[in-house]
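Summary of structural features
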Amino acid sequence: MISVKEIAKTSTKLTIPQNFIRLDQEPSSTCDPSTFPTPPTIDMTRLLSPKHSHSELLNLHSACERWGLFQLVNHGVSCSLLEKLKRETEEFFELPLEEKMKFGMKSGEVEGYGTVVRSMEQKLDWGDRFYFINNPLSRRKPHLLPNLPSSLRNVLESYLRETKKIAMALFRMIAENLKIEVKKMEELFEDGMEAMRMSYYPPCPTPELVVGLRPHSDASGLTILNQLNGVEGLQVKKDGIWFPVSFIPDAFIVNIGDILEIMSNGLYSSIEHRARVDSEKERMSIAVFYNPRFDAEISPLTTFQNPPLFTNILMEDYFKDFFTQSFNGKSHLDRMKIPTTHQPNPST
Ligand SMILES: O=C(O)CCC(=O)C(=O)O
Ligand SMILES: [Fe+2]
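Residues numbered from 1 in each chain as written. Chains lettered and ligands numbered in written order. Predicted model: local features only at pLDDT ≥ 70, side-chain atom pairs only at ≥ 80, totals over all residues. Heavy atoms only, no water.

Once that is clear, we can look at the overall build of the protein. Looking only at helices and strands, the protein has 10 helices and 14 strands in total. When its C-alpha atoms are laid out on the principal axes, the protein stretches across 65 × 50 × 45 Å. The long-range fraction of contacts in the protein, counting pairs at least 24 apart against all pairs at least 6 apart in sequence, stands at 78%. A total accessible area of about 16100 Å² is found for the protein, and carbon and sulfur atoms account for 53% of it. Of the charged side chains in the protein, 40 are positive and 45 negative, and the gap between their average positions amounts to 1 Å. (Helix = DSSP H or I, 4+ residues; strand = E, 2+ residues; numbered from the N terminus. Contact = heavy atoms within 4.5 Å. Areas by Shrake-Rupley, 256 points an atom, 1.4 Å probe, with all protein chains shown as cover. Lys, Arg positive; Asp, Glu negative; His and termini not counted. Charge placed at Lys NZ, Arg CZ, Asp CG, Glu CD.)

Below, the structure is given as structure tokens:
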């Protein structure tokens, strides 16, 4: 069991364990920060207001098409709930290691506290995480969420109820924008597979040599990310260059995941992102991943303009396949692509 929090306590500039040193990481942009591209902001109250929803729906469509990520403001989750969530999560990561080990990831599993370690040589991320499936109920592991201290469990359950409402509202609006039947979208996601990852990134004396969470796109339909304690670190790869995403208080970051890229037949695209760490401050985030039901087939649903670019796959198989690979940019999605056969050009 690896606890980066414990490793960080004793690490100095010279003693970062070799497994964490990531000289393979692409550098962040060195441009003047005032020229960094800014991800779009979407206002939930405008999306829901009869007067403004039309223009905000267009903004949402453009954000999904051009970025695959946006900052969601006025989402309606109360400050008191968010404050409690932050406090309880902090307390969880502060627990002695023996306590957290009760939730430790068992060998061969992907849920629980810890990191999936496949080999001794594997490069590791500078962060501890706790990942679990929340829905369907039949897949909830009794020793994880139900076994958490009750104050944390209660706040997580309230938070998950709130974010689920937001996710479903967004899925309905995305269906409208993509001309997919809203009912079809609801069938796929209402009782969908839902998972949460809580991440704790300790400070690192040499932040440029490590990565908090390696580059990846989310394998989800949508992801709602809450940067709990306001410490920046999220970066996105836009037009081939890594840029930091600035923190907006009380906003959630919403990512389009690979599954919506498939469903929109590539019109929307999931964005590659990673988490950097700070030299002095700890950072915490919670991501909730919204996916179709396990028995649903994932396939391009909007093929009116182009032939399907992705193969059909059962959510169950997609999920299994995802966790047999290590995170690596968008390589998971690339494997779903139908190879394009080069047709001879009749005019030559
Ligand atoms: O911690 C972050 O900012 C990113 C988390 C993330 O991308 C994930 O959990 O998939
Ligand atoms: Fe992510």
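To continue, consider the packing of aromatic side chains. Pairs of aromatic rings are described using the distance from one ring centre to the other and the angle between the two planes. Within the structure shown, the criterion is met by 12 aromatic pairs. Considering the side-chain rings of Phe171 and Phe189, the 3.8 Å spacing of their centres and the 15° angle between planes classify their relative orientation as stacked. Taken as a pair, Phe171 in helix H6 (residues 150-178) and Phe189 in helix H7 (residues 182-189) lie far apart in primary sequence, 18 residues in all. Given the relative accessible area of 2%, Phe189 is considered buried. The ring of Trp242 carries Arg274 above its face, with NZ or CZ at 4.2 Å from the centroid. (Phe/Tyr/Trp six-rings, centres within 6.5 Å; stacked < 30°, edge-to-face > 60°. Buried < 20%, exposed > 50% of the residue type's maximum accessible area, 1.4 Å probe, protein only. Lys NZ or Arg CZ within 6 Å of the ring centre and 35° of its normal.)

Okay, the site of ligand 1 next. In the vicinity of ligand 1, the contacting residues are Arg197, Tyr201, Leu213, His216, Asp218, Leu225, Leu234, His273, Arg283, Ser285, Ala287 and Phe289. Between Tyr201 and ligand 1, the recorded distance is 2.7 Å, taken from a side-chain N or O atom to an oxygen atom. One of the side-chain nitrogen or oxygen atoms of His216 is found 3.1 Å away from an oxygen atom of ligand 1. Those elements that provide at least two residues to the shell around ligand 1 are strand S5 (194-201), strand S6 (213-216) and strand S12 (283-290). Split by residue class, the shell around ligand 1 holds six nonpolar, three polar and three charged. (Near = heavy atom within 4 Å. Polar contact = N/O pair within 3.5 Å; in protein donor to acceptor, adjacent residues only side chain to side chain. Nonpolar A, V, L, I, M, F, W, Y, C, P; charged D, E, K, R; others polar.)

Shape is all these values report; function is a separate question.
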